[in-house]
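For reference, the chains in residue letters:
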Amino acid sequence: MFVGMMALLSCQKSARPYEHISDNTFSSLRVEHFRIDTAEVRAEILRMTGKEGVLPADRYCKKHYRNGGALLWIDRMGLLHNPDILLQYLKQAEQHGINTRQFWPEQITADLERVRQLQFDDGEHSPGKVLARLEYLLTRASIRYSAGLNFGFVNPDHFFNRIELREDDSTHTKYKSLCYLKVKRPNDSFNQRVMNAIVSDSLNLLLQEVQPKGRFYRDLAERLQSAHLTANERKILVCNMEKCRWQSTVHPLFDQCQRYVVVNIPSYSLRAVDGDKVLNMRVGCGTLDHKSPLLVSTLTRMDINPQWIIPKSIAKGYVGRVGYMHQQGIFVLDKKQGKLSAEHASYQKVMDGEQYLVQAGGPKNSLGRIVFRFDNHFSVYLHDTSSPWLLQRSNRALSHGCIRLEKPLELALFLLGPGQDAMADKITYSMTMDFVNDNDSVKVKPKIDKKRIVNTVPVKPSTPLWIAYYTVYYDNNNQLVSYPDVYGYDQQLIEHMAPYI
């Protein structure tokens, strides 16, 4: 019994060999030079937040740390998370045309080396200052990179709508509306998501997710790696890649859709895609004074032989030209008296909005035989033209903003889809029937098969539409080609992107 108790006591003593050791036992071994004071780190971060930063990512970081938000990368023991994967992404930002200086990879790498090698001093490289720099720059770089790659570095709805003055006086400045892409923008929710990914060690997954998608972007990025590009060619490529990063809230990027239509202004071309089927055609766009707007919308219906309500800016030049108005099938729509002949047109009433000049549908109509409708606040649409020869010119900036089509019937049948033979026959007949307007002087009117006449046809399924501005874009052979900067947008965007490229 005695022997057993002694053995038990002996085991208990050997199991607690350090029972007399406390936190103070190694105090004499502490190197004050390496001590991490989180209060000092926070004070240094607050000092850094007052220096610079104009991007939304910077403002969010400042707010986080100024409000006493948690340290994400460090604690009193040093680094909590390994930033090496983040650094790999930051150092490869040039592949996206973005200068790496935006993300401080050299400073971060140098400070990481100081931490790992314990190479501190009492000046700018003290433990508190080094760790403060790492904490603040790593967080800013994470959000800057993620937001920029996911949403773009420029807000197009703000940029394009501050280009062209409409009015300017001593009290206010108004600009022409040239763009309505309704793009997604980084917000507090997205920025917080990046911070959460840092804390949960899932930043690598998020960085993979924010990489720009789509074949078009990949093709542009591949061309960017060419060693034969001039400095300006490189900048133009970077601008076009930036446009690919703009994600609209209306539709995903066009080359992620099965079925879509893209009108590209610099190439004066339309590209309709439905799976493996592709339709290409020439288009006419707005002049320099009446630029076609950049937008994302949805094609919803086709109107055959539409009437054209003539805008005031054009209608005022027709008032009094009675013979021309009769010849072109233009009549007066009076708000009080209804439909009137051309003789009743009043300049003052047209300008006051009491009368409208309307061109009847038919072969002479300026909109041609068909209009493709889509929601937008610019009052523009895709349409046929009564002057198809104009689309054979190389410079096809010729409209008041609408898009004129080389092959309107082909687009109608393309959007109609297979299995619609009866409707395809009606559309074809309605667009090619040579009927005349009420005001024409033709005495003998052709016989019309009213059963084959159709006025409005819905686009089913409704089809995403982009009116875009790519100066590097595909040609009819699916090869990337450079096109003129017809509206001068790229040179202005290059200046706006200068801090990033």
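Let me sum up the structure you'll find in this document. Since the structure is predicted, the reported quantities are computational estimates derived from the model, not experimental observations.

**Considering the packing of helix 11 (residues 231-244) against helix 17 (residues 489-497)**
With their axes 10 Å apart at the nearest point, helix 11 and helix 17 run at an angle of 85 degrees to one another. Compared by their axis directions, helix 11 and helix 17 come out roughly perpendicular. Residues Asn232, Lys235, Ile236, Val238, Cys239, Asn240, Glu242 and Lys243 of helix 11 form the contact with helix 17, whose own contacting residues are Asp490, Gln491, Leu493, Ile494 and Met497. Of the residues that constitute the contact of helix 11 with helix 17, the class distribution is six nonpolar, three polar and four charged.

**A word on the pattern of salt bridges**
All told, the structure shown has 18 salt bridges when counted by the stated rule. Several salt bridges converge on common partners, so that one network encompasses Asp58, Arg140 and Arg144.

**Focus: the pairing of strand 7 (residues 269-274)**
Burial of strand 7 is extensive: six of the six residues sit out of reach of the surface. With burial as the criterion, each face of strand 7 is covered, one bearing Ser269, Arg271 and Val273 and the other bearing Leu270, Ala272 and Asp274. Two strands pair when backbone bridges link them, and strand 6 (residues 259-264) and strand 7 are joined in this way by six bridges, in the antiparallel orientation. Note on strand 7: the bridge partner recorded for Asn264 is Ser269. Hairpin connection between strand 6 and strand 7: a loop of four residues separates the two successive antiparallel strands, and Tyr268 in this loop has a positive phi of roughly 50 degrees. Pairing of strand 7 with strand 8 (residues 277-286) involves six bridges; the strand directions are antiparallel. Bridging from a neighbouring strand, Val273 pairs with Val278 of strand 8. Adjacent in sequence and paired antiparallel, strand 7 and strand 8 are bridged by two residues, among which Gly275 carries a positive phi angle near 65 degrees.

**Examining the side chain of Asp219**
Checked against the element boundaries, Asp219 lands in helix 10 (residues 215-224). Those residues within four positions of Asp219 in sequence are excluded, and the remaining contacts are Tyr474 and Leu480.

**Thoughts on the environment of Met497**
Turning to its location among the elements, Met497 is positioned in helix 17. The buried category is assigned to Met497, whose relative accessible area is 0%. Expressed as a C-alpha distance, the spacing of Met497 and Lys235, which sit 262 residues apart in the sequence, is 9.1 Å. In contact with Met497, not counting residues within four places along its chain, are Ile98, Val154, Val238, Glu242 and Arg245.

**Quick notes on the nonpolar core**
Membership of the largest hydrophobic core comes to 139 residues, with the highest contact counts inside it found for Leu270, Leu357, Phe372, Leu382 and Leu411. Broken down by element, the residue count for this core peaks at 13 residues, all from helix 6 (residues 127-151).

**Remarks on the pairing of strand 6**
With six of its six residues buried, strand 6 lies for the most part within the structure. Going residue by residue along strand 6, you find Arg259, Val261 and Val263 tucked away on one face and Tyr260, Val262 and Asn264 tucked away on the opposite face as well. Of the strand pairs in this sheet, strand 6 and strand 18 (residues 456-468) are connected by four bridges, and their pairing is parallel. Across the sheet, residue Val261 finds its bridge partner in strand 18, namely Leu465.

**Quick look at helix 10**
Those residues of helix 10 that sit buried are Phe216, Tyr217, Asp219, Leu220, Ala221 and Leu224. Looking at the packing, one finds that the buried side of helix 10 touches helix 6, helix 11, strand 19 (472-474) and strand 20 (480-482).

**Remarks on unusual backbone geometry**
At the junction of Lys460 and Pro461, the peptide bond is cis and its omega measures out at -5 degrees in the coordinates. Even without being glycine, Trp104 reaches a positive phi, approximately 55 degrees. The topology assignment puts Trp104 in the loop between helix 4 (84-91) and helix 5 (105-117). Despite not being glycine, Asn478 shows a phi value in the positive range, around 70 degrees. Position of Asn478 relative to the elements: it lies in the loop between strand 19 and strand 20. The partly exposed category is assigned to Asn478, whose relative accessible area is 26%.

**A closer look at the sheet that holds strand 11 (residues 330-334)**
Strand order in the open sheet formed by four strands is 10-13-11-12, with antiparallel pairing between adjacent strands. Single-partner strands in this sheet number two, and they are strand 10 (308-309) and strand 12 (338-340). As judged from the three bridges shared by strand 11 and strand 12, these two strands associate in the antiparallel manner. By the bridge assignment for strand 12, Asp334 is matched with Gly338.

**Observations regarding the packing of aromatic side chains**
Enumeration according to the criterion identifies 22 aromatic pairs in this entry. For the pair Phe216 and Tyr470, a centre-to-centre distance of 4.9 Å together with 90 degrees between the ring planes defines the contact as edge-to-face. With Phe216 in helix 10 and Tyr470 in the loop between strand 18 and strand 19, this residue pair connects regions lying 254 residues apart in the sequence. Just as Phe216 is buried, Tyr470 falls in that class too. With a centroid separation of 5.4 Å and 50 degrees between ring planes, the pair formed by Tyr318 and Tyr324 is classed as tilted. By relative accessible area, which is 14% here, Tyr318 ends up buried. Here the aromatic cluster, defined as three or more aromatic residues joined through ring pairs, consists of Phe216, Phe254, Tyr260, Trp466, Tyr470, Tyr473 and Tyr474.

Criteria and thresholds
- Residues numbered from 1 in each chain as written.
- Predicted model: local features only at pLDDT ≥ 70, side-chain atom pairs only at ≥ 80, totals over all residues.
- Heavy atoms only, no water.
- Axes fitted to C-alpha atoms, helices over the stretch in contact; angles between N-to-C directions.
- Helix = DSSP H or I, 4+ residues; strand = E, 2+ residues; numbered from the N terminus.
- Parallel < 35°, antiparallel > 145°, perpendicular 65-115°, else oblique.
- Contact = heavy atoms within 4.5 Å.
- Nonpolar A, V, L, I, M, F, W, Y, C, P; charged D, E, K, R; others polar.
- Salt bridge = Lys/Arg side-chain N within 4 Å of Asp/Glu carboxyl O.
- Buried < 20%, exposed > 50% of the residue type's maximum accessible area, 1.4 Å probe, protein only.
- Pairing = 2+ DSSP bridges.
- Core = buried A, V, L, I, M, F, W, Y, C linked by side-chain atoms within 4.5 Å.
- Phe/Tyr/Trp six-rings, centres within 6.5 Å; stacked < 30°, edge-to-face > 60°.

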